[in-house]
Amino acid sequence: HEFRTPLSNIGLAVSMLSKKHTELKDNQLVEVIRRENKKLLQEVERVLHLAKVENGDYALEKEQLSVEHLLQTAVDSLVMPIAERQANVSLEDIPHDLYIWGDKQHLTSVFCNLLDNALKYTKERPLIHISAKTDEQGVIVAIQDNGIGIPSHQREIIFEKFQRIHQGDQHSAKGFGLGLAYVKRMIELHKGFVRVSSEENRGSKFEVYLPTVL
Ligand code: ADP
């Protein structure tokens, strides 16, 4: 709360300011404050999310979820960054009748994190392909990007807290290195696992495996 409340107040103050002074409505600097404030709030939410999961202070509310719907919700919530990067996100061939048993809010966050990374760690125009299929034990969702890739010796540590890879101009992408730690723990709490395959400068594929019966 010590972080969240002042950040929310800044956001509120900026909104009120630009409402009161209409000449500020399209002001670039006001827009910067608004955007950066939003990013910081999102990071704070991530820290709180992970802290809760680690403390066991969470209650998973599991229900039957349509995989197609879940993935579409994640894509919809990232329309702004997708548009900003002029990314092409394809979400085709997801079987309509694919269901999993899980927590809607947390699983949406998991896919948002993976999608957000696919957008962040790509130099060119991002081409992101999201697919889903079943095998005899469960559902596999794959998020494939055409980004900078991950060196093979670092494919394990990126799932640890505060681990980021520093190479090239990658540090220009903002973050604390908490997203994948959250993703891994949350998927494990759903009795699944995450795996990554990647080719440097070509792209990465994150696969989330969720068992059908939990
Ligand atoms: P953050 O994005 O906040 O740094 P994450 O835990 O989500 O934290 O990711 C950890 C690190 O893994 C990132 O800093 C980045 O170096 C690497 N990474 C994650 N996703 C990708 C991706 N799709 N392509 C390339 N590198 C990635």
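See the structure shown above.
Residues numbered from 1 in each chain as written. Predicted model: local features only at pLDDT ≥ 70, side-chain atom pairs only at ≥ 80, totals over all residues. Heavy atoms only, no water.

(A) Here's a closer look at the pattern of salt bridges. Per the counting criterion, the structure on display carries 10 salt bridges. Note that Glu 31 is salt-bridged to Arg 34, the shortest N-O span being 3.3 Å. Residue Glu 31 and its partner Arg 34 are located together in helix 2 (residues 28–54), separated by 3 residues, close to a single helical turn. For Glu 31, a relative accessible area of 34% puts it in the partly exposed group. (Salt bridge = Lys/Arg side-chain N within 4 Å of Asp/Glu carboxyl O. Helix = DSSP H or I, 4+ residues; strand = E, 2+ residues; numbered from the N terminus. Buried < 20%, exposed > 50% of the residue type's maximum accessible area, 1.4 Å probe, protein only.)

(B) Here's a closer look at the packing of aromatic side chains. Evaluation of the coordinates by the stated rule reveals 2 aromatic pairs. Here the aromatic rings of Phe 159 and Phe 206 are separated by 6.2 Å at their centres, their planes lie at 70°, and the arrangement is edge-to-face. Within this pair, whereas Phe 159 is found in the loop between strand 5 (138–144) and helix 6 (179–189), its partner Phe 206 is found in strand 7 (residues 203–211), the two being separated by 47 residues in sequence. Pairing Phe 193 with Tyr 209 gives two aromatic rings, centres 4.8 Å apart and planes at 15°, and the pair type is stacked. Taken together, the residues span a long stretch of sequence, with Phe 193 in strand 6 (residues 193–199) and Tyr 209 in strand 7 at a distance of 16 residues. (Phe/Tyr/Trp six-rings, centres within 6.5 Å; stacked < 30°, edge-to-face > 60°.)

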